[in-house]
Amino acid sequence: MPTLSLPSKARTLRRNKKLNNSCLLQKILNLSLQGYLKQAFNYLNILTHKGIRLDSKTVAFLIQQCANSRLLEEGKWIHLHLKTTGWKHPTTFLANHLINMYGECGDHTEARMVFDKMTTRNLYSWNNMLSGYTKLGMIKAAKRLFDKMPEKDVVSWNTMVIGRAQVGHFNKALKLYKEFRRLSIGFNEYSFAGVVTACVKSRDFSLTGQVHCQVFVAGFLSNIVLSSSIVDAYAKCGKMSDARRLFDAMQVRDVLAWTTLVSGYSRCGDMVLARELFEAMPEKNPVSWTALVAGYSHSGMSIQALDSFAKMMKLRVQPDQFTFSSCLSACAGIASLKHGKQIHAFMVSAGFRPNTIVVSSLIDMYSKCGSLEVARRVFDNAYDKHDAVLWNTMLSALAQHGMGKEAIEMFFKMVKFGVKPNRITFVVLLNACSHSGLVLEGLSFFETMTSNYDVLPDQEHYACIIDLLGRAGRFSEVLTQIKKMPCEPDDRIWNALLGVCRIHGNVELGRMAAELLIELDPQSPAAYLLLSSIYGVLGMWENVEKVRQLMNERHVRKEQAVSWLEIEHKLLPYFGCNKLNTLEKDGHTILQLLADQTNDNDLLHDSTSSSPSNPVSYVTTS
């Protein structure tokens, strides 16, 4: 039998080695395509030991996979692999991919190091670095880079305009946009994204109309994202007729466009149209459902909010943070502890980790349902206490329960914890002092809020001070504070004054406040009713009748009061005159539908049976 010659053996070994390397590379690519990047990158060490260098195209593909999945550690592995295989100074092509990857993963330091070490940069390199800065909100760094650019194209200008708009620099964004358009270097659909963002965030109706016209003239209204954003801008401005007109003119509408209009009607409190539009949607997603639930909740229609949530659960639509926050607000609105606990227990059983807004909603719900102790436990077990919203909610809970001294102690803990108080913090704190009779403490906070905490007092803070002094009967100081105000008093000031005049029976001052309040808002029933109440306390019934006649002449109507009664484990609204509105559906009250979901679908659980003995700490820990 003939034997193989040595050269033949060497060729075979080289062929087998090449085949093995090829299989190894293919395995890395296959795992990457399937999303198993960590497993794929485990093979990089084998390649390094073998001294095998991946080609530029493969490396770029792997870097892009890391960028798409926001996998910073894996991206660093690729970068390290490049350095250890002789790519200490990668080509412009690979460096651009690295800058993009680090930018997408939020590591601007590494991105800038790659950028600074590049021997040759092209326009794509500059735009990549610029995009990374703007995505991270680092607008000053972006502006410095933008000014240094040797060449700028449409992408450069678009990126800078969008970056300015996203951080709230609306005037600067518009100035840049105008400068860009004057250059006559062309534009595309993305050129309008920045100014449309400015329209949505600034709620400027005039600007929105101008941008709408420019998009129409440019022929880009067929872009669903642009059209939906303009619809959103009109809705944020409260111009629902304009928003609806543009929506109806859209030839193609996706779920985003439908949801935008539903959210618009919901924010404006027109839940009839919001519901009609929601039912007409050809496709609904969790955001659509949340928009409806939030609309009902914010409009004070808590029963309908919980009913929509129950239907959402029945259809197995996944709720998000905003859904839970809105539902808990609905429970707080009707003081339904039972259903608030059910929603809380569902979050526990689902392993849902609530964000700060949801935790704050839990605190608010338990507080308004009378369970301050549980609200405090939720706060104590919150995994992140660095947001002022959380502290403000707990301060408000203490204030609502008349625990002014405890609220003050909580405030100093907040400061010691390193959380900076904001304007809401002092509104809540001043209210807490007012309702607990802590006049000196409240005045001290009011005097030091600017000097110690850089918070300038506004109308709401002055209203709190007027309430604080007025409740103590110190009306001369009340008038002094009003005169010292740096701006004209608004309805909040006169409402606060009218309220304390009613408490102390100060007819003359109360009449003055009522007249000024009626002048500011002739259709608001509050001023008429408070003035009528003042006259009633003093037995001046003729004047009471005159106020009522004035209300009738001006067609001012008092909103119907509602109380909530629990009968046979069913929560029912009581509107007076022994009339119960049961809001029945298929023989059950709407809240019973929500309770039925507990048994039928095992989605909502009563916290007394399905949660641990301390469900609060369980749901708020990682």
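Residues numbered from 1 in each chain as written. Predicted model: local features only at pLDDT ≥ 70, side-chain atom pairs only at ≥ 80, totals over all residues. Heavy atoms only, no water.

Caption draft 1: Structural detail: the overall build of the protein. Per the secondary structure count, the protein includes 36 helices and 4 strands. Taking all contacts inside the protein whose residues are at least 6 apart in sequence as the whole, residues at least 24 apart take part in 59%. (Helix = DSSP H or I, 4+ residues; strand = E, 2+ residues; numbered from the N terminus. Contact = heavy atoms within 4.5 Å.)

Caption draft 2: Just the packing of aromatic side chains, in detail. Across all of its chains, the model carries 22 aromatic pairs by this definition. Taking 5.6 Å as the distance between ring centres and 80° as the angle between the ring planes, the aromatic pair formed by Phe 411 and Tyr 453 counts as edge-to-face. Taken together, the residues Phe 411 in helix H25 (residues 404-417) and Tyr 453 in helix H27 (residues 439-453) connect sequence positions 42 residues apart. Across this residue pair, the class does not change: Phe 411 and Tyr 453 are buried. One aromatic cluster in this structure is built from Phe 411, Phe 412, Phe 426, Phe 445 and Tyr 453. Just above the ring of Phe 187 sits the side chain of Arg 181; from NZ or CZ to the centre is 4.2 Å. Positioned over the ring face of Tyr 383 is Arg 353, at 4.0 Å from the centre of the ring. (Phe/Tyr/Trp six-rings, centres within 6.5 Å; stacked < 30°, edge-to-face > 60°. Buried < 20%, exposed > 50% of the residue type's maximum accessible area, 1.4 Å probe, protein only. Lys NZ or Arg CZ within 6 Å of the ring centre and 35° of its normal.)

Caption draft 3: Highlighting the UniProt feature "repeat: PPR" (unreviewed entry) in the protein. Taken from the UniProt record, the annotation "repeat: PPR" (unreviewed entry) applies to residues 122-156, 223-253, 254-288 and 387-421. This span, residues 122-156, is 74% helix and 0% strand, and a straight line between its end C-alpha atoms measures 13 Å. Summarising residues 387-421: 77% helix, 0% strand, and an end-to-end C-alpha distance of 10 Å. (UniProt positions renumbered as here; feature names shortened; annotations may be inferred.)

Caption draft 4: Layout of the side chain of Ser 325. Looking at where Ser 325 falls in the secondary structure, it is placed in helix H20 (residues 321-333). In this structure Ser 325 comes out as buried when scored by relative accessible area, which is 11%. Residues contacting Ser 325, with those up to four places away along its chain left out, are Ile 357, Val 358 and Ser 361.

Caption draft 5: Seen up close, the confidence of the model for the protein. The predicted model of the protein has a mean per-residue pLDDT of 82, with 81% of residues at 70 or higher. Note that residues 575-622 has pLDDT below 50 and, in this model, 102 contacts with residues that lie over four places away or in other chains. (pLDDT = per-residue confidence, 0-100.)

Caption draft 6: Spatial organisation of the nonpolar core. One finds Ile 363 and Leu 497 to be the most contacted residues of the largest nonpolar core, which totals 168 residues. Once residues lying within four places of it in the same chain are set aside, the contact partners of Ile 363 are Ala 375, Val 378, Phe 379, Leu 390, Thr 393, Met 394 and Ala 397. (Core = buried A, V, L, I, M, F, W, Y, C linked by side-chain atoms within 4.5 Å.)

Caption draft 7: Spotlight on the pattern of salt bridges. Across all of its chains, the model carries 17 salt bridges by this definition. A salt bridge links Arg 376 to Asp 380; the shortest N-O distance between them is 3.4 Å. Of this pair, Arg 376 and Asp 380 both sit in helix H23 (residues 372-380), 4 residues apart, which is roughly one turn of the helix. For Arg 376, a relative accessible area of 28% gives the class partly exposed. As a salt-bridge pair, Asp 458 and Arg 423 come within 2.7 Å of each other at their nearest N and O atoms. Placement of Asp 458 in the loop between H27 and helix H28 (459-471) and of Arg 423 in helix H26 (residues 423-435) is noted, with a sequence separation of 35 residues between them. Residue Asp 458 is classed as partly exposed on the basis of its relative accessible area of 25%. Put simply, Arg 70, Glu 104 and Lys 135 are held in one network by salt bridges that share partners. (Salt bridge = Lys/Arg side-chain N within 4 Å of Asp/Glu carboxyl O.)

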